[in-house]
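# Residue-level structural notes
Spelled out, the chains give:
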Amino acid sequence: MHDNRSLVEHRLKRVLEERIAPAVYPESVPLTGSIWVAPGEPVPVAEGLAAPREPVAVGDRWGAPWGTSWLTVAGTVPAEWAGKTVEAIIDLGFDKNMPGFQCEGLVYRPDGSPVKGLNPRNQWVRVADRAEGGEDVLLHVEAASNPVILDYHPFLPTLLGDKETAGDEPQYQLEKLELAVFDETVWNLVADLEVLGELMVELPEDSARRYDIVRAVEKALDAVDLQNVNATAAAARECLASVLAKPAVPSAHQISAIGHAHIDSAWLWPLRETVRKVARTTANMTNLLDSEPEFIYTMSQAAQFDFIKTHRPEVYEKVKKAVAEGRFVPAGGMWVESDTNMPGSEAMARQFVHGKRFFLDEFGVENDEAWLPDTFGFAGGLPQIIKAAGSKWLLTQKISWSQVNKFPHHTFLWEGIDGTRIFTHFPPIDTYNCSMKGSEIAHAARNFKDKGRASVSLAPTGWGDGGGGTTREMVAKARRMKDLEGSAKVAWEKPADFFAKAEAEYQNPPVWVGELYLELHRATLTSQAGTKQGNRRSEHLLREAELWAATAAVRNSFEYPYAALDRIWKTVLLHQFHDILPGSSIAWVHREAEKTYAELGAELTTLILEAQGLLAGESTAEDAPRVVFNATPHTREGVPAGGARVADPGPGQTSVSERAGGGHVLDNGLLRVEIDSRGLVVSAFDIEAGRETVPAGAAANLLQIHPDFPNMWDAWDVDEFYRNTVTDLTGVDKIEVERDFAPGQIRVSVYRSFGASKVAQHLTLRSGAKRLEIGTTVDWHETEKFLKLSFPLDIHADRYASETQFGHIFRPTHTNTSWEAAKFEACNHRFVHFEEPGWGVALASGSTYGHDVTRTVREDGGTTTTARISLLRAPRFPDPETDQGVHHFQHTLVPGAGIGDAVREGYSVNLPAERVGGTSAVEPLFTIDNDAVTASAVKLADDGSGDVVLRVYESHGGRASAGITPNFGFSGFEICDLLERPITREGVTVVSDNDGLRLSLRPFQLVTLRFARTTGSEA
């Protein structure tokens, strides 16, 4: 037989697109339209429904950027359509290739009840299953004219990313307003042909199954009368029935389809628009659940549930009903799908606390899985946090984006820095927007790396980011692939059911140890420095607010601000979403974030000062003593951790002298620092150890600038070739010495100019402190440049430590393998630490996250390990004015530092001592006798009981035992999870007595303790 396979396949494509698919709607009549344009921000639904309208017609332009238009469509079902299925078709001017990235709509009935969303792949609204004929149709559409930011030529700078610069030119044109007859038989024929057509091209060309499908499709196409598709569609379907009925082979891969719509809580749209994207999508999904009994939908991010609860209660009621029925599944147990690299220890923990608590309170649902498909890599401390929150599984997808090394597993155990292992799945379908294409299903089966040991994988299915979620077409295709020869088996499932099945099947999965590093989007550790500084400051202010409010509540009957702290935490957690904190959102998002952080900072500072004033016996007299408050977990300058003492400035012992050859020498008896005539640190000599920090001929505190124009994803990426060109900023405008800067302190200030920017650096040495403090202020006006601060160190080390949540992770300083070479930009929290046996150096950071480390061997045979801190970038997409303006950074260089010193200095630079006028010392709520056991939080229990919660972790990376003494009356304590619920003491070694307890911890182990206070315990 002659092979006409290719001819049939091409025939199918044209006939399906040009004849069969258009016949789904064989008859139509126009709807009349009218419109009202909201004058500013979106209005309440009732106001939009009641507003006066003006006529609008197909072909008219509408929709200024970020505008809202209320469209009303009206018509009458023709009498001759009686008994037929009728739908309204409303095309707002959609581009079908951009679901989620353009205009969208939410349809309401005249009574204000929501119906469903309108999206590029979802333009229909069911009017009647069996029309009576002659009935009137009236629908209202809240239409959002969100501009297209990421266009066909992506990453072009645009001013559309902020309503203040976007202009008011209409962007869209109404394309269709119609009532139409829906032919379900033709619609099903489309689904039949799409599934078979997409399947057959994935099968081997010489397979019998492929030719079975070819012959069946050929017969079906012959059966279709192209001039009367609707009359012949049933006959065509009969030709396909037998090939659709053939079951899959028993060993076929099994795919758990998860109805899904990944919605970024902000990205190329502001937070306020996310509220409406969630409302449109959830209205769509509850509508689909009503008509598709096998379909199950999953939604993560408790904050997004809260959005519609607060702003769209009429939609939320439908969601609550569907959740109660078990078909709308809250997933993930986090407040948002946050970044996991940069959030601090407590913030990462509180993502789970607030997310899980919301789902428990609202729905009675306890999540066992963390759901993070799109997060840009995963910090090594996360497994322990997931477990401490009472969860046990993780879902991610983004690692498939890595540029260099293909991740070796799809189902595995992920082991964190403390040894905790989490069962993890990384879907082989390589997308979190699966549309049930045959190519996607076949790719998942072929790509699955655990074949022979496991047979199941997961497919998050639906259009995200406001694209409307799962469509009825996806459900129809999944139904046909439930048990279909040649295809993987597809079934709708809940995430928990998938994980339970996958875990039971795969008894000894492989183990991946340490961080899940994404070999892409590395520049998100630096972009939008202002947002990152706002996050870091908010995290530490929240630590202080909880600590001092709890102390004042116990000591002085202060009213603990439960509601305020809950609200502020949720706001900070929201802004840790994986496109806000990473700096990859539009200008509007970051402009609002800066304002929000400022407001939160002011509120938290007021709360802190109120509690401290009460504790210190506040005095406003000019000659009143100053009480020094220490919020760090370590004693500092005689002030105990978590306590306060009347200030004793002590004698000043720092000296400054002229340096031979130009510059200055600072000396406090512990550290001698030489600053040359260029304002660079050419020596930092540890006097006690007799050890030099800076290699001979090198210079630290060196600002370096690179061109920075990545191949794509401007705000997200920095490509390795940026290093090929570097300019050292050694020119000096002015150097000044400030001898009377503060008691016991000397400061050298260095001023430079470069390009269109200026920088001032203040280098301070204090008496009694073996650290050089470096404050850097940059007035930044560069474009597509990368600014680094370089510290070459005379250290021979093949690895170094970077702080992460509840500990630190070691990374290599070499590039032996492609995996190591790919980590050319990495994340740290408050410190990085380098060490030879017996001597080390720490670099502590007050707000930066990104850094790189390289090593070279000098001519003298010594090794130079260079750490460079990433300060600023200047990408132009999606915010063309990224980081323009003034920025302040604080770092400390600490020679002779062990890992414990690095931990201490990291806390110190982020929690500076505060001085309040008063006379009273403040005893800490807890005394811990080993600095390696570090307090992460001191607070009152969230349930309002008055119990005191202490969270500690082992911070040095070794085993540690500590006596913990509560300095208040208590009747007992419990070991708790992060939600402050009692758990067994298994894995926790603790011995208690009347005064307190002794706790023994494994490396990086995290423990939460809850103490019940006795009456009168404030004494």
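Use the structure listed above.
Residues numbered from 1 in each chain as written. Predicted model: local features only at pLDDT ≥ 70, side-chain atom pairs only at ≥ 80, totals over all residues. Heavy atoms only, no water.

Of the regular secondary structure elements, the protein chain holds 18 helices and 53 strands. Computed over the C-alpha atoms, the radius of gyration of the protein chain is 31 Å, within 12% of the 31 Å expected from 2.2 N^0.38 for a compact globule of 1019 residues. C-alpha extents for the protein chain along the principal axes are approximately 100 × 70 × 60 Å. Relative to its 1019 residues, the protein chain shows a buried fraction of 62%. The contacts in the protein chain between residues at least 6 apart in sequence include a share of 74% that link residues at least 24 apart. Carbon and sulfur atoms make up 50% of the accessible area of the protein chain, which amounts to about 36900 Å² in all. (Helix = DSSP H or I, 4+ residues; strand = E, 2+ residues; numbered from the N terminus. Rg over C-alpha atoms; globule rule 2.2 N^0.38 Å. Buried < 20%, exposed > 50% of the residue type's maximum accessible area, 1.4 Å probe, protein only. Contact = heavy atoms within 4.5 Å. Areas by Shrake-Rupley, 256 points an atom, 1.4 Å probe, with all protein chains shown as cover.)

An order of β32-β33-β34-β35-β44-β41-β40-β37-β38 is seen for the 9 strands of this open sheet, with the pairing classed as antiparallel. Each having just a single partner strand, β32 (734–742) and β38 (807–812) make up the two edges of the open sheet. Strand-to-strand twist across the sheet, computed as the mean angle between neighbouring axes with direction ignored, equals 20 degrees. Pairing of strand β37 (residues 799–804) with strand β40 (residues 831–836) involves 2 bridges; the strand directions are antiparallel. Within the sheet, the bridge partner assigned to Ser 802 lies in β40 and is Val 832. Most of the contacts of helix α14 (residues 529–556) go to strand β44 (residues 885–895), to which it runs at about 55 degrees, and overall it touches β41 (839–845) and β44. (Pairing = 2+ DSSP bridges. Axes fitted to C-alpha atoms, helices over the stretch in contact; angles between N-to-C directions.)

The next subject is helix α18 (residues 899–910). With 12 residues, α18 ought to run about 16 Å at 1.5 Å a step, and its terminal C-alpha atoms sit 17 Å apart, in line with that. In terms of burial, α18 is largely enclosed, as 9 of its 12 residues are buried. Turning to α18, its buried residues number three or more, namely Ile 899, Ala 902, Val 903, Glu 905, Gly 906, Tyr 907, Ser 908, Val 909 and Asn 910. (Expected span 1.5 Å × (residues − 1).)

Judged by pairing direction, the sheet is antiparallel, and its 4 strands sit side by side in the order β47-β48-β53-β50 without closing on themselves. A single partner strand is all that each edge strand has here, and the edge strands are β47 (933–940) and β50 (970–976). The sheet shows a mean angle of 25 degrees between the axes of neighbouring strands, direction not considered. As defined by bridge partners, strand β48 (residues 948–954) adjoins strand β53 (residues 1006–1013) across 6 bridges and the pair is classed as antiparallel. When the bridges of β53 are listed, Val 948 appears paired with Phe 1011. Relative to β47, helix α9 (residues 345–363) is tilted by about 50 degrees, and along the sheet it contacts β47 and β48.

Let us look at the pattern of salt bridges. Under the criterion given, the structure shown has 73 salt bridges. Between Glu 736 and Lys 734 there is a salt bridge; the shortest N-O distance is 3.3 Å. The class for Lys 734 is partly exposed, based on a relative accessible area of 41%. With a closest N to O distance of 2.7 Å, Lys 939 and Asp 942 form a salt bridge. (Salt bridge = Lys/Arg side-chain N within 4 Å of Asp/Glu carboxyl O.)

Below, the discussion takes up the pairing of β32. Both β32 and strand β33 (residues 745–754) contribute to a ladder of 6 bridges, which runs antiparallel. For Val 737, the partnering residue across the bridge sits in β33 and is Val 748. The antiparallel hairpin formed by β32 and β33 contains 2 residues in its connecting segment, where Gly 744 sits at a positive phi of about 75 degrees.

For the rest of this paragraph, the subject is the packing of aromatic side chains. Ring pairs (aromatic) are described by centroid distance and by the angle formed between their planes. All told, the structure shown has 44 aromatic pairs when counted by the stated rule. Ring centres of Tyr 297 and Phe 328 lie 5.1 Å apart, and the angle between their planes is 70 degrees; this geometry places the pair in the edge-to-face category. With Tyr 297 in strand β14 (residues 297–300) and Phe 328 in strand β15 (residues 328–331), this pair connects stretches of sequence that are 31 residues apart. On the accessibility criterion, Tyr 297 (0% relative accessible area) is buried. On the basis of an interplanar angle of 70 degrees and a centroid distance of 6.3 Å, the ring pair of Phe 378 and Trp 414 is categorised as edge-to-face. Of the two residues, Phe 378 sits in the loop between β16 (369–371) and α10 (382–388) while Trp 414 sits in strand β18 (residues 411–415), which places them 36 residues apart along the sequence. (Phe/Tyr/Trp six-rings, centres within 6.5 Å; stacked < 30°, edge-to-face > 60°.)

So, on to the packing of helix α1 (residues 5–20) against helix α3 (residues 184–200). At a closest axis distance of 11 Å, the pairing of α1 and α3 adopts a crossing angle of 155 degrees. In terms of orientation, α1 and α3 fall into the roughly antiparallel class. Crossing handedness for the pair α1 and α3: left-handed. Contact residues: α1 offers Glu 9, Leu 12, Leu 16 and Ile 20, while α3 offers Val 186, Leu 189, Val 190, Leu 193, Glu 194, Gly 197 and Met 200. Partitioning the contact of α1 with α3 into residue classes produces 8 nonpolar, 1 polar and 2 charged. (Parallel < 35°, antiparallel > 145°, perpendicular 65-115°, else oblique. Left-handed = near helix turned anticlockwise from the far one by under 90°. Nonpolar A, V, L, I, M, F, W, Y, C, P; charged D, E, K, R; others polar.)

So, on to the nonpolar core. In terms of nonpolar packing, the biggest core is built from 203 residues, with Ile 20, Phe 328, Leu 999 and Leu 1009 touching the most fellow members. Ignoring anything within four residues of it in the chain, the contact list for Leu 999 reads Val 952, Ala 960, Ser 961, Ala 962, Ile 964, Val 988, Thr 989, Val 990, Val 1007 and Leu 1009. Membership of the second largest hydrophobic core comes to 46 residues, among which are Leu 703, Ile 746, Val 832 and Phe 834. (Core = buried A, V, L, I, M, F, W, Y, C linked by side-chain atoms within 4.5 Å.)

Moving on, we come to the environment of Glu 773. As for its position among the elements, Glu 773 is in strand β35 (residues 772–780). Its relative accessible area of 10% is what places Glu 773 among the buried residues. Considering only alpha carbons, one finds Glu 773 and Val 43, 730 residues apart in sequence, at a separation of 50 Å. What Glu 773 contacts, discounting residues up to four positions off in sequence, is His 762, Leu 763, Thr 764, Arg 766, Gln 890, His 891 and Thr 892. Among the polar contacts listed, one links the side chain of Glu 773 to the side chain of Arg 766, at a separation of 2.4 Å. Separated by 3.3 Å, the side chains of Glu 773 and Arg 771 make a polar contact. (Polar contact = N/O pair within 3.5 Å; in protein donor to acceptor, adjacent residues only side chain to side chain.)

Now for the environment of Thr 730. In this structure, Thr 730 sits in the loop between β31 (727–728) and β32. Owing to a relative accessible area of 29%, Thr 730 belongs among the partly exposed residues under this scheme. Discounting residues that sit within four places of it in the chain, Thr 730 has contacts with Arg 678, Leu 680, Leu 702 and Arg 752.

Side chains of Lys 96, Arg 121, Lys 176 and Lys 437 sit close together on the surface and give a patch of like positive charge. Within the element layout of this structure, Arg 121 appears in the loop between β8 (114–118) and β9 (124–128). Using a relative accessible area of 34% as the deciding quantity, one classes Arg 121 as partly exposed. (Patch = residues over 30% accessible without salt bridge, like charges linked within 9 Å, V, L, I, M, F, W, Y side chains within 5 Å. Lys, Arg positive; Asp, Glu negative; His and termini not counted. Charge placed at Lys NZ, Arg CZ, Asp CG, Glu CD.)

Before going further, it helps to spend a moment on the side chain of Asp 192. By the element assignment, Asp 192 lies in helix α3. You can call Asp 192 buried: its relative accessible area is 1%. A distance of 2.5 Å separates polar atoms of two side chains, one belonging to Asp 192 and the other to Arg 480. With residues up to four places along the chain from it excluded, the contact list for Asp 192 reads Arg 237, Leu 240, Leu 244 and Arg 480.

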